[in-house]
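Chain residues, written in single-letter form:
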Amino acid sequence: MAAREASGVVFGKSADKLFSLSGLFAVYKPKGPTSAGVLNLLKERLLAEAGVQTNGNKRNQVLKIGHGGTLDSAAAGVLVVGIGKGTKMLRTMLAGSKKYTAIGLLGKATDTLDATGKVTEEKPYDQITKGDLENVLQKFTGDIMQVPPLYSALKKDGERLSTLMKRGEAVEAKPARPVRVYSLSLQQFQPPLFTLDVECGGGFYVRSLVSDIGKELSTCATMQELTRTKHGPFTLEEHTLYEDKWTIDEIARSLEHCTSLLPGEPSHKKLKTEHPGETAVSCEDK
């Protein structure tokens, strides 16, 4: 197949297959990079494999791709990706529950509510038993009110709260808002560490949950590690493509496999078209 050119973009031999891909699949986001960074790396890999060369700065405009919800830089796990018309499916398909495994640390609090922040408080925790922790979890199950962290992607006057905080500007906490916790269980208790499995709805912050649990136990706590194990119907074990599988053929196979996980084709006409590379779900779950 001969290369073809359109809008200043030269398409290579594999480009037709790449640009025909459409739907949802999941990739593994490692601890460290941002969700946007992972998405950009994936995009670069696919364009390079397809032999797409660009004239000028139009590389990011030729492949329509987006992710279904921000995962913190310090977190790992399932990142759902929409490609082609799949970007229009992200909002409607992935408004459901998400599952996380979180490791909390008793006795210390940080300004970011996780291990990346500065320690702001230390309290004793020796008195806390496994039973105490299990009893407290019941208070955080169901429909609850939660105050989002100051270090978050929520915005004030168009800027992220985390950006304002890093500049040293005074930021008021956002008001508590309703969130839903479908299930919450204690998996391990080895003081000062404890491991939770959480299933929650959109807009829920696991960092805030761990901090609130510490306060409820008359101590403090911060989140040490977070792994998203499920997002919508996509699980870490069954559906997630690791970086060595980020190829056109592997994604095509994954799209075919994942089609059975999704409801019938939605009406795209009523959905706002997302810009390439942008998140189609506004909530941040961290």
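Before going into details, it helps to say that this report is about the structure given with it.

Rules used in this analysis
- Residues numbered from 1 in each chain as written.
- Predicted model: local features only at pLDDT ≥ 70, side-chain atom pairs only at ≥ 80, totals over all residues.
- Heavy atoms only, no water.
- Core = buried A, V, L, I, M, F, W, Y, C linked by side-chain atoms within 4.5 Å.
- Buried < 20%, exposed > 50% of the residue type's maximum accessible area, 1.4 Å probe, protein only.
- Helix = DSSP H or I, 4+ residues; strand = E, 2+ residues; numbered from the N terminus.
- Contact = heavy atoms within 4.5 Å.
- Salt bridge = Lys/Arg side-chain N within 4 Å of Asp/Glu carboxyl O.
- Phe/Tyr/Trp six-rings, centres within 6.5 Å; stacked < 30°, edge-to-face > 60°.

Description of the nonpolar core
Among the nonpolar cores identified, the biggest contains 29 residues, and Phe-194, Leu-196, Phe-204 and Ile-213 are the most heavily contacted of them. In terms of residue count, the dominant contributor to this core is strand β13 (residues 177-190) (5 residues). Ranked by size, the runner-up nonpolar core spans 23 residues in total, among them Leu-18, Ala-50, Leu-79 and Ile-251.

What about the environment of Tyr-28?
Within the secondary structure, Tyr-28 is located in strand β3 (residues 23-29). On a C-alpha basis, the gap between Tyr-28 and Glu-243 in space is 7.2 Å, while along the polypeptide they are 215 residues apart.

Focus on the environment of Leu-106
Looking at the element boundaries, Leu-106 is found in strand β7 (residues 98-106). The exposure class assigned to Leu-106 is buried, which follows from its relative accessible area of 2%. Leu-106 sits 85 residues away from Pro-191 along the chain, and the two C-alpha atoms are 7.2 Å apart. Look past the residues within four positions of Leu-106 in its chain and what remains in contact with it is Tyr-125, Ile-128, Phe-189, Pro-192, Phe-194, Leu-217, Thr-219, Cys-220 and Ala-221.

Structural notes on the pattern of salt bridges
Pairs can form between side chains of opposite charge whenever their charged atoms are close. Here the structure, examined in full by the defined rule, presents 8 salt bridges. Put simply, Asp-249 and Lys-17 hold a salt bridge, and the shortest N to O gap is 2.5 Å. With Asp-249 in helix α7 (residues 248-258) and Lys-17 in helix α1 (residues 15-20), the pair connects residues that are 232 residues apart, well separated along the chain. Take Asp-249: its relative accessible area is 36%, and that puts it in the partly exposed class. The class for Lys-17 is partly exposed, based on a relative accessible area of 39%. Between Glu-216 and Lys-139 there is a salt bridge, with the nearest N and O atoms lying 2.8 Å from each other.

A look at the packing of aromatic side chains
Using the criterion set out here, one finds 1 aromatic pair in the structure. When the ring of Tyr-28 is compared with that of Tyr-242, the centres are 4.6 Å apart and the planes differ by 25 degrees; the resulting orientation is stacked. Of the two residues, Tyr-28 sits in strand β3 while Tyr-242 sits in the loop between β17 (240-241) and α7, which places them 214 residues apart along the sequence. Overall, Tyr-28 belongs to the partly exposed group, its relative accessible area being 22%.

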